[in-house]
Amino acid sequence: MNTEKKHSTDNHQGHQGHQGHQGHQGHHDMVEDFKKRFFVSLILTIPILALSPMIQQFLGVDWRFDNDMYLLFALSTLVFFYGGWPFLTGGIHELKEKNPGMMTLIALAITIAYGYSTMVVFGWNGNQLYWELATLVVIMLLGHWIEMRSIMGASNALEQLIQLMPNEAHRIDRNNEVQDVPLSEIKNKDWVLVKPGEKIPVDGQIVEGNSTIDESMLTGESLPIDKVEGDQVIGGSVNKEGSLTIEVEKTGEASYLSQVVKMVKEAQESKSRTQDLTNRAAKWLFYLAIVAGLATFTIWLMLGYSVDVAVERMVTVMVITCPHALGLAAPLVVAVSTSLSAKKGLLIRNRTGFEDARNLNAIVFDKTGTLTKGEFGVTNIVPSNDFKKEDVLGLAAAIEQNSEHPIAAGIVNSAKEQKLTLKRVSDFESITGKGIQGQVDGQKVNVVSPRYVNDNKLVYDQHQFNELSAEGKTVVFVLVNDRLAGMVALADIVRETAKEAVSVLKEQGIHTIMLTGDNQKVADWVAKQVGIDEVYAEVLPDDKANQIKKIKEKGWKVAMTGDGVNDAPALATANLGIAIGAGTDIAMETADVILVRSNPNDVVALIDLSKKTYRKMIQNLWWATGYNIFAIPLAAGVLAPWGIVVSPAIGAVFMSLSTIIVAINAKLLKA
């Protein structure tokens, strides 16, 4: 499976057409290949220009010598086959797909220029156009090299997903002995041991032990989950605390991660084959070249001219229809916009997706790590009796500084933010599933779960507790010498920039939706904080992708913004996949654009830059192809009755001028 998203299926989407004829080379190798072909062709073009009689005539010099045309033929043949090879094979690929575009247009122009010029060298009556062939190949290679260098490389999303699974598992045999075996040898009903801190290697059921499992990378559930005997576990999730014995239920293609891999693969393969702007322009120019060329040939013959003259007119028209500037019109804008976007913290992986960002109707946000920071922070402290808020937080932080639990990190970080001094703790111990305890300043301090408080029948403000729980917050209780000191509520911290981004998107008429694997209470609370009206919670990865499909069925262009493994199928399914830079490699490999700064506001900047880039591309395409409106009829000979026939040399001057204008215009793009 070629995982370069969309690149393998489109004919010429950015630089994707090359996948068809460059095999499965890496993106870096492809860039180097075009660079090498460009420089070799450029070096060969210098003597080709010097040897061309038309160029000599234009410069007012005479450098002719015996058999110079055969040397010119030899050099041009090298340029045609070596420099033009990607375009020739790309054109064949596009024609096989019945979808001609940029590659076909270039292949047509260089083939006709080479074929006609070779006929002239070996006896046909006319003027050879090798210089036209060489300059066209060089400029098109330059354009493709610039463009490919600007866009990030091929995706390795599926490989990244598979790497989430450990290579080995601790299998327990019939003698109750533990053996380390390759994962491929694990079968259903086997028992495996998973030690604290290890990744769970299979989908299965806990038959012995209890622990806290971090499934956030897989399901989007922000809080680690307490698991006991009889509970299900997912391969790829992380065992945080206790040792577990698991009975294997699903392996290989039946496993949860394999299903996610399958969904990402299907989404990537079924991606729209929408061609980019330049390719659509090239497609119409290809048809125009065929029609105009044949019409020119026919009319000149009908007017009584010789076949030699008719062929020369036809060739001039068909070669001139492929403007040199078209090869640089989009790549130069892409290079400038990619550079501008990188300065803004936006890394563009897929050009067509980026171009389409200007048409977005809806943006779907994952919650954990996207709208929120993906890390816990203290939101409320409710002290009891004679305790103050800072006392409750200080004691909780003192105990929690010895724990690696995300809640512990949230409490400790909040205490540090308030510049509280963390006291020393002794006799620290963890009570799995209930909490932790230790000695602080000679007092026994516990940080415990609601279950512990209820089991020990301690009195607390249940109304306040229920309110905090209803907001999806996690509440822990702080006890001092078995007396309640207070409650500490924590939640995944909402990014301030998320509120700003949602507000601006609403002003632009773009619908905002939250799609999360987290529970409904947490999702509703975050949505209320951020200002999102439409929320889908407790959604599994396949449902996320299906939800994106439903939105697309409305005829909307939809972007998905996420950061986790569970977002990968949705990122691949959306018109535009946007990964948060602080997220997983899998999310970033599946996305079209990466937000380096993990700032939702950058989604707004992305849409704005997409609109400006598109406007600049339209301007450049007009400059690149506009002269065709005049050049093609003149090349066809509409003014011949009045003695005016445009020579290829004059056409070359106009083409050079339009190329310079295109280059200057691209540089004027501002973020």
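Not measured: the values here are computed from a predicted model.

1. Side note on the packing of aromatic side chains
Turning to step 1, where the next piece is worked out: By the definition in use, this model includes 17 aromatic pairs.
Turning to step 2, where the next piece is worked out: Centroid distance Tyr114 to Tyr130: 6.2 Å. Interplanar angle 50°. Geometry classified as tilted. Here Tyr130 lies in helix H7 (residues 130-150) and Tyr114 lies in helix H6 (residues 102-121), a separation of 16 residues in the sequence.
Turning to step 3, where the next piece is worked out: For Arg358, the ring lying beneath its charged end belongs to Tyr614, and the centroid distance is 3.3 Å.

2. Overview of the pairing of strand S9 (residues 244-250)
Turning to step 1, where the next piece is worked out: Counting buried positions along S9 gives five out of seven residues, so the element sits mostly inside the fold.
Turning to step 2, where the next piece is worked out: Bridge count for strand S3 (residues 191-194) against S9 is four bridges, and the pairing is antiparallel. The residue bridging Leu193 from the neighbouring strand is Thr245, located in S9.

3. Re the packing of helix H11 (residues 277-302) against helix H12 (residues 307-320)
What describes two packed helices is the angle between their axes and the distance between those same axes.
Turning to step 1, where the next piece is worked out: Relative orientation of the contacting elements H11 and H12 amounts to 160°, with a least axis distance of 8 Å. When the interaxial angle is binned, H11 and H12 end up roughly antiparallel. Where H11 crosses over H12, the handedness of that crossing is right-handed. Between H11 and H12, the contacting residues are Ala289, Ile290, Ala292, Gly293, Thr296, Phe297, Trp300 and Leu301 on the first element and Val307, Val309, Ala310, Val311, Arg313, Met314, Val317 and Met318 on the second.
Turning to step 2, where the next piece is worked out: In terms of residue class, the contact of H11 with H12 is made up of 13 nonpolar, two polar and one charged.

4. A word on the UniProt feature "transmembrane region" (unreviewed entry) in the protein
Turning to step 1, where the next piece is worked out: Taking the UniProt record as the reference, the feature "transmembrane region" (unreviewed entry) is found at residues 38-58, 70-88, 100-123, 129-146, 284-303, 315-342, 621-644 and 650-669.
Turning to step 2, where the next piece is worked out: In this annotation, residues 129-146 is assigned 94% helix and 0% strand; the end-to-end C-alpha distance for the span is 26 Å.

5. Points about the pairing of strand S1 (residues 168-172)
Turning to step 1, where the next piece is worked out: Judged by how many residues are buried, S1 sits mostly within the fold: four of five residues are covered.
Turning to step 2, where the next piece is worked out: In this structure, S1 lies alongside strand S2 (residues 178-182), joined through five bridges in antiparallel fashion. The partner of Ile172 across the bridge, within S2, is Val178.
Turning to step 3, where the next piece is worked out: Connecting S1 to the antiparallel partner S2 that follows it, the hairpin turn spans five residues, and Asn176 within it adopts a positive phi of roughly 65°.
Turning to step 4, where the next piece is worked out: One ladder, built from three bridges, connects S1 with S3; its direction is antiparallel. Bridge pairing links Ile172 to Trp191 in S3.

6. Observations concerning a nonpolar patch on the surface
Turning to step 1, where the next piece is worked out: Where nonpolar side chains cluster on the molecular surface, the patch consists of Phe58, Leu59, Val61 and Trp63 and spans about 410 Å² of accessible area.
Turning to step 2, where the next piece is worked out: Within the element layout of this structure, Leu59 appears in helix H3 (residues 53-59).

7. Some details on the sheet that holds strand S18 (residues 511-515)
Turning to step 1, where the next piece is worked out: Across the sheet, seven strands lie side by side as S10-S22-S21-S20-S11-S18-S19; this open sheet has mixed pairing. Here the strands that pair on one side only, and so sit at the sheet edges, are strand S10 (346-348) and strand S19 (534-536). Across the sheet, the axes of successive neighbouring strands diverge by a mean angle of 20°, strand direction being ignored.

8. A short note on the pattern of salt bridges
Turning to step 1, where the next piece is worked out: Considering all chains together, one arrives at 14 salt bridges under this definition.
Turning to step 2, where the next piece is worked out: In this structure, Asp68 engages Arg64 in a salt bridge whose closest nitrogen and oxygen atoms are separated by 2.5 Å.
Turning to step 3, where the next piece is worked out: Relative accessible area serves as the criterion here: at 44%, Arg64 is assigned to the partly exposed category.
Turning to step 4, where the next piece is worked out: If you follow the salt bridges from partner to partner, you end up with Asp366, Lys544 and Asp567 in one network.

9. Remarks on the nonpolar core
Turning to step 1, where the next piece is worked out: One finds Ile110, Leu133 and Leu326 to be the most contacted residues of the largest nonpolar core, which totals 71 residues.
Turning to step 2, where the next piece is worked out: Tallying contributions element by element places H6 first for this core, with 14 residues.
Turning to step 3, where the next piece is worked out: Setting aside residues up to four positions removed in sequence, Ile110 forms contacts with Phe80, Gly84, Leu88, Leu133, Leu136 and Val137.
Turning to step 4, where the next piece is worked out: Within the second largest apolar cluster, 35 residues are counted, among which are Leu346, Ile348, Ala523 and Leu576.

10. So, the packing of helix H16 (residues 389-400) against helix H17 (residues 406-417)
Turning to step 1, where the next piece is worked out: In the contact formed by H16 and H17, the axes pass within 8 Å of each other and the chain directions differ by 130°. By the angle between their axes, H16 is oblique relative to H17. In this structure, H16 crosses over H17, and the sense of that crossing is left-handed. Residue-level inspection shows Leu393, Ala396, Ala397 and Glu400 of H16 in contact with H17, the latter providing Ala408, Ile411, Val412, Ser414 and Ala415.

11. A short note on H11
Turning to step 1, where the next piece is worked out: With 26 residues, H11 extends 37 Å between its outermost C-alpha atoms, agreeing within 8% with the 38 Å of an ideal straight helix rising 1.5 Å per residue.
Turning to step 2, where the next piece is worked out: Taken together, the buried positions of H11 are Leu277, Thr278, Asn279, Ala282, Leu285, Phe286, Ala289, Ala292, Gly293, Thr296 and Trp300.
Turning to step 3, where the next piece is worked out: Count one or two residues on from H11 and you reach Gly304, which has phi positive near 95°.

12. Section: the sheet that holds strand S15 (residues 443-448)
Turning to step 1, where the next piece is worked out: If you walk across this open sheet you meet the six strands as S12-S17-S16-S15-S14-S13, and the pairing is antiparallel. Two strands bound the open sheet, and with one partner strand each, they are strand S12 (372-383) and strand S13 (426-431). For this sheet, the mean inter-axis angle between neighbouring strands, taken without regard to orientation, is 20°.
Turning to step 2, where the next piece is worked out: Where helix H19 (residues 462-470) meets the sheet, it contacts S12, strand S16 (474-480) and strand S17 (483-494), and its direction lies at approximately 145° from that of S16.

13. Description of the side chain of Asp567
Turning to step 1, where the next piece is worked out: The topology assignment puts Asp567 in the loop between strand S20 (558-562) and helix H23 (568-573).
Turning to step 2, where the next piece is worked out: Overall, Asp567 belongs to the buried group, its relative accessible area being 0%.
Turning to step 3, where the next piece is worked out: A polar contact of 2.5 Å, which involves the side chain of Asp567, links it to the side chain of Lys544.
Turning to step 4, where the next piece is worked out: Apart from residues no more than four positions distant in its own chain, Asp567 is found in contact with Asp366, Lys544, Met560 and Gly562.

14. Observations regarding the environment of Lys195
Turning to step 1, where the next piece is worked out: Locating Lys195 in the fold gives a position in the loop between S3 and strand S4 (203-208).
Turning to step 2, where the next piece is worked out: When the C-alpha positions of Lys195 and His170 are compared, they lie 9.0 Å apart, and in sequence the two are 25 residues distant.
Turning to step 3, where the next piece is worked out: With sequence-adjacent residues up to four places away left out, Lys195 is seen in contact with His170, Asn239 and Ser243.

15. Overview of H12
Turning to step 1, where the next piece is worked out: Here H12 contains 14 residues, and its C-alpha end-to-end distance of 20 Å stays within 8% of the 20 Å for a straight helix at 1.5 Å per residue.
Turning to step 2, where the next piece is worked out: For H12, a buried count of eleven out of 14 residues is recorded, marking the element as mostly surrounded by other parts of the structure.
Turning to step 3, where the next piece is worked out: If you check which residues of H12 are buried, you get Ala310, Val311, Glu312, Arg313, Met314, Val315, Thr316, Val317, Met318, Val319 and Ile320.

16. Some remarks on unusual backbone geometry
Turning to step 1, where the next piece is worked out: Of note, Asp427 is a non-glycine position whose phi angle comes to about 55°, a positive value.
Turning to step 2, where the next piece is worked out: With respect to the helices and strands, Asp427 occurs in strand S13.
Turning to step 3, where the next piece is worked out: The residue Asp441 is not glycine, and still its phi comes out positive at about 50°.
Turning to step 4, where the next piece is worked out: Mapped onto the secondary structure, Asp441 falls in the loop between strand S14 (435-440) and S15.
Turning to step 5, where the next piece is worked out: On the basis of relative accessibility, which here comes to 55%, the residue Asp441 falls in the exposed class.

About the criteria used
- Residues numbered from 1 in each chain as written.
- Predicted model: local features only at pLDDT ≥ 70, side-chain atom pairs only at ≥ 80, totals over all residues.
- Heavy atoms only, no water.
- Phe/Tyr/Trp six-rings, centres within 6.5 Å; stacked < 30°, edge-to-face > 60°.
- Helix = DSSP H or I, 4+ residues; strand = E, 2+ residues; numbered from the N terminus.
- Lys NZ or Arg CZ within 6 Å of the ring centre and 35° of its normal.
- Buried < 20%, exposed > 50% of the residue type's maximum accessible area, 1.4 Å probe, protein only.
- Pairing = 2+ DSSP bridges.
- Axes fitted to C-alpha atoms, helices over the stretch in contact; angles between N-to-C directions.
- Parallel < 35°, antiparallel > 145°, perpendicular 65-115°, else oblique.
- Left-handed = near helix turned anticlockwise from the far one by under 90°.
- Contact = heavy atoms within 4.5 Å.
- Nonpolar A, V, L, I, M, F, W, Y, C, P; charged D, E, K, R; others polar.
- UniProt positions renumbered as here; feature names shortened; annotations may be inferred.
- Patch = residues over 30% accessible without salt bridge, like charges linked within 9 Å, V, L, I, M, F, W, Y side chains within 5 Å.
- Areas by Shrake-Rupley, 256 points an atom, 1.4 Å probe, with all protein chains shown as cover.
- Salt bridge = Lys/Arg side-chain N within 4 Å of Asp/Glu carboxyl O.
- Core = buried A, V, L, I, M, F, W, Y, C linked by side-chain atoms within 4.5 Å.
- Expected span 1.5 Å × (residues − 1).
- Polar contact = N/O pair within 3.5 Å; in protein donor to acceptor, adjacent residues only side chain to side chain.

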